[in-house]
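# Reading the structure
What follows is the residue order along each chain.
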Amino acid sequence: YEWAEAYRRDYQKRFITAAHRAAKLACELRDPKLALRFCDAILHRDPIDEEAAREQMRGHPAMGGRDPAKRLYK
């Protein structure tokens, strides 16, 4: 429905803002796996979110894998 589009965008923005905060908190708590899950959720909704992509590139090496970070960079 067209009338609901403004609400969808607003709730999507709210979700992305909350997911960014949650990812930062997970990083501060040294839980890169959880931070990556939040970043995945953000990128699923907004594939060009640069902040989430950068956070993923930092998170993969923290878990011992550099190849996913390199692929994401490219």
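Keep in mind that this is a model prediction, so the values were computed, not measured.

## Concerning helix H1 (residues 5-28)
The first and last C-alpha atoms of H1 sit 35 Å apart over 24 residues, in line with the 34 Å expected at 1.5 Å per residue. Where H1 is concerned, the buried positions are Ile 16, Ala 19, His 20, Ala 23 and Ala 26. Phi turns positive one or two residues past the end of H1, at Arg 30, with a value near 60 degrees.

## Things to note about the nonpolar core
Judged by nonpolar contacts, Ile 16, Ala 19, Ala 23, Cys 39, Ile 42, Leu 43 and Ala 52 together constitute the single largest core of seven residues. Of all elements in the fold, only H1 and helix H2 (32-45) reach the threshold of two or more residues within this core. Beyond its immediate sequence surroundings of up to four residues, Ile 42 is in contact with Ile 16, Ala 19, His 20, Asp 49 and Ala 52.

Reading the values: rules and limits
Residues numbered from 1 in each chain as written. Predicted model: local features only at pLDDT ≥ 70, side-chain atom pairs only at ≥ 80, totals over all residues. Heavy atoms only, no water. Helix = DSSP H or I, 4+ residues; strand = E, 2+ residues; numbered from the N terminus. Expected span 1.5 Å × (residues − 1). Buried < 20%, exposed > 50% of the residue type's maximum accessible area, 1.4 Å probe, protein only. Core = buried A, V, L, I, M, F, W, Y, C linked by side-chain atoms within 4.5 Å. Contact = heavy atoms within 4.5 Å.

Everything listed is a geometric property; what it means functionally is a separate question.
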